[in-house]
Amino acid sequence: MLSLYDLKNTPRTWRIAYIPKKSGGRRKLTIPNDDLKDLQSDILQYLYELVRQKRLQVSAVAHGFVPYHSCLTSVLKHDRTSDIFIGADMEKAFDTLQPAYPLAKLLDAGVRPEYAKEIIDACTYENSLPQGGPASPFLLNIAMFDADCEIAAYAKKNGFLYTRYADDLLFSVKDCNPAVLKTLRQNEEKPEAERSQNPFLWFLYGVDTILKNTVNMHLNHKKDHVIFRGSKCKPYILGICVRQDGHGYNAERRFREQTRCGICNLYHKVFDTQHGVAYDADIGQWLTLKGRVEYMDYCRTASEAGYDFVDPRVQDKFFNPLERKFNAILGEAAHSTKG
């Protein structure tokens, strides 16, 4: 039970960590201490309950950090045979979203002002929603409700379908004007310095205006990208590859290759030693690799029958012995803890 006493008396201490970004550089994470993290997890459950009671609203286009939704469900809302996919990114969404926006939504939901203010204070750091806080993505979803509804209506009016995963916006067009596709293909053939600007920039400027008027945020147009049918570039969307034959989905090829390589290396590390010793670091690596394999399998579940395969495939001769060994180790550790 989320109490006002806990909200007021849990220490607000944070630590800073950095993780590598896929595009290069480092991503800053502001991580709450253990007690504050537990409190934020309780806050998140409380917010879920408000949604279940229909006192608080999250738009149907939001798929990030929403129960029973994922990056895959976001992609699946779009027809995989669409002519055009447009990806856009909100500029520093967590850093720039003002706490007043989710606070207003809590007050509209009938949460007592003192209670609502303490909830927001417990989840913010230096007047922003820090990446690393358990409740931050869901508070972003709450704050984005009006913006999502307006963007969805604007997109539909212009022939687009819209979904959002956290700060990543995805649009698609099922049947595009052939002349536009021809222009995109011709543009792709040119050297990068000679290519014309994004032909859908007019549309994204409209999205920008809605974001500015509803939550005082905007898009980072350096990250705009257009994927079109017949492009030489593979359609990677939210970390998922839409098969070019249109029959299904995979995790990104590089992700699959790294996972396969990691499984093979860990197998030889563990079994090509005199006693097959596995250290604590190996257990952590195994859990990470197993999670990656499960994610790859999850991406395949939405493919058509007969196309639910991955290349390169994780080989059973490496994976299965590792699974048996680490299951035994983790089982013994759990038994020892209970004892």
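Before reading on, note that the structure itself is shown above.
Computed from a predicted model, the values in this text were never measured in an experiment. (Residues numbered from 1 in each chain as written. Predicted model: local features only at pLDDT ≥ 70, side-chain atom pairs only at ≥ 80, totals over all residues. Heavy atoms only, no water.)

> Tell me what's going on with helix 7 (residues 136-143), and back it up with residues and numbers.
Along helix 7, eight of the eight residues are buried, which leaves the element largely enclosed by surrounding structure. Here helix 7 has its buried residues at Ser 136, Pro 137, Phe 138, Leu 139, Leu 140, Asn 141, Ile 142 and Ala 143. (Buried < 20%, exposed > 50% of the residue type's maximum accessible area, 1.4 Å probe, protein only. Helix = DSSP H or I, 4+ residues; strand = E, 2+ residues; numbered from the N terminus.)

> If you had to explain a negative patch on the surface to someone new, which residues and values would you point to?
On the surface, Asp 6, Asp 34, Asp 35, Asp 38 and Asp 42 cluster together to form a negatively charged patch. For the negative patch, the leading source of residues is helix 2 (residues 34-52), giving four residues. Inspection of the secondary structure assignment puts Asp 34 in helix 2. (Patch = residues over 30% accessible without salt bridge, like charges linked within 9 Å, V, L, I, M, F, W, Y side chains within 5 Å. Areas by Shrake-Rupley, 256 points an atom, 1.4 Å probe, with all protein chains shown as cover. Salt bridge = Lys/Arg side-chain N within 4 Å of Asp/Glu carboxyl O. Lys, Arg positive; Asp, Glu negative; His and termini not counted. Charge placed at Lys NZ, Arg CZ, Asp CG, Glu CD.)

> Which residues make up the sheet that holds strand 6 (residues 225-228), and what are the values?
In a beta sheet, neighbouring strands pair by backbone hydrogen bonds and run either parallel or antiparallel. Read from one edge of the open sheet, four strands run 4-5-3-6, paired in antiparallel fashion. Each having just a single partner strand, strand 4 (161-165) and strand 6 make up the two edges of the open sheet. Taking each pair of neighbouring strands and ignoring which way they run, the sheet shows an average axis angle of 20°. Relative to strand 5 (residues 168-173), strand 3 (residues 84-89) runs antiparallel, the two sharing six bridges. The residue of strand 5 that forms the bridge with Phe 85 is Ser 172. The strands that helix 9 (residues 178-189) touches are strand 3 and strand 6; relative to strand 6, the one it contacts most, it runs at about 110°. (Pairing = 2+ DSSP bridges. Axes fitted to C-alpha atoms, helices over the stretch in contact; angles between N-to-C directions. Contact = heavy atoms within 4.5 Å.)

> Run through the nonpolar core, naming residues and quoting values.
One finds Leu 47 and Phe 171 to be the most contacted residues of the largest nonpolar core, which totals 62 residues. Looking at which element gives the most residues to this core, the answer is helix 2, with eight residues. Those residues in contact with Leu 47 that sit more than four places away from it in its chain are Leu 56, Leu 106, Phe 138, Leu 139 and Ile 142. Membership of the second largest hydrophobic core comes to 25 residues, among which are Tyr 249, Ile 263, Val 270 and Leu 322. (Core = buried A, V, L, I, M, F, W, Y, C linked by side-chain atoms within 4.5 Å.)

> Residues and numbers for the side chain of Asn 220, please.
Along the polypeptide, Asn 220 turns up in the loop between helix 10 (201-215) and strand 6. With near-sequence residues (within four places) excluded, Asn 220 lies in contact with Asp 89, Met 90 and Glu 91.

> For the layout of surface pockets, give the residues involved together with the corresponding values.
Computed from the structure, the second largest pocket encloses a volume of approximately 520 Å³. Contributing to the lining of the second largest pocket are 19 residues, with Asn 187, Arg 195, Ser 196, His 225 and Val 226 lying nearest its centre. Across the lining of the second largest pocket, the residue classes tally to seven nonpolar, seven polar and five charged. (1 Å grid on protein atoms, 1.4 Å probe; cavity = no way out; pocket = protein on both sides within 12 Å on 5 of 7 lines; lining within 4 Å. Points joined across faces, edges and corners; volume = space filled by probe spheres on them. Nonpolar A, V, L, I, M, F, W, Y, C, P; charged D, E, K, R; others polar.)

> Tell me about the pattern of salt bridges, and please be specific about residues and values.
Within the structure shown, the criterion is met by ten salt bridges. Notably, a salt bridge pairs Arg 12 with Glu 118, separated by 3.2 Å at the nearest N-O pair. Of the two residues, Arg 12 is situated in the loop between helix 1 (4-9) and strand 1 (14-20) and Glu 118 in helix 6 (residues 113-123); the sequence distance between them amounts to 106 residues. Judged by its relative accessible area of 30%, Arg 12 is partly exposed. Taking relative accessible area as the criterion, Glu 118 reaches 15% and is therefore assigned buried. Here Asp 121 and Lys 117 are joined by a salt bridge, their closest N and O atoms 2.9 Å apart. Separated by four residues within a single helix, Asp 121 and Lys 117 lie in helix 6, roughly one turn from each other. We classify Lys 117 as partly exposed; its relative accessible area is 47%.

> Now, about the sheet that holds strand 9 (residues 249-251): what can you tell me, with residues and values included?
The strand order across the open sheet formed by three strands is 7-8-9, and the pairing between neighbours is antiparallel. Edge positions in the sheet fall to strand 7 (236-237) and strand 9, since each of these pairs with one other strand and no more. Here strand 8 (residues 240-242) runs beside strand 9; their pairing, made up of three bridges, is antiparallel. In the sheet register, Val 242 faces strand 9, and the bridge partner there is Tyr 249. Contacting strand 8 and strand 9, helix 12 (residues 280-300) runs over the sheet at an angle of about 165° to strand 9.

> Can you explain the environment of Thr 13? Please cite residues and give values.
Mapped onto the fold, Thr 13 is located in the loop between helix 1 and strand 1. As a C-alpha pair, Thr 13 and Phe 94 span 81 residues in sequence and 18 Å in three-dimensional space. In contact with Thr 13, not counting residues within four places along its chain, are Ile 31, Pro 32, Asn 33 and Leu 36. Polar contacts involving the side chain of Thr 13 include one to the side chain of Asn 33, which spans 2.2 Å. (Polar contact = N/O pair within 3.5 Å; in protein donor to acceptor, adjacent residues only side chain to side chain.)

> I'd love a proper account of the environment of Tyr 48, names of residues and values included.
Within the secondary structure, Tyr 48 sits in helix 2. By relative accessible area, Tyr 48 is classed as buried at 16%. When the C-alpha positions of Tyr 48 and Cys 123 are compared, they lie 15 Å apart, and in sequence the two are 75 residues distant. Other than its neighbours up to four places away in sequence, Tyr 48 contacts Phe 65, Pro 67 and Phe 138.

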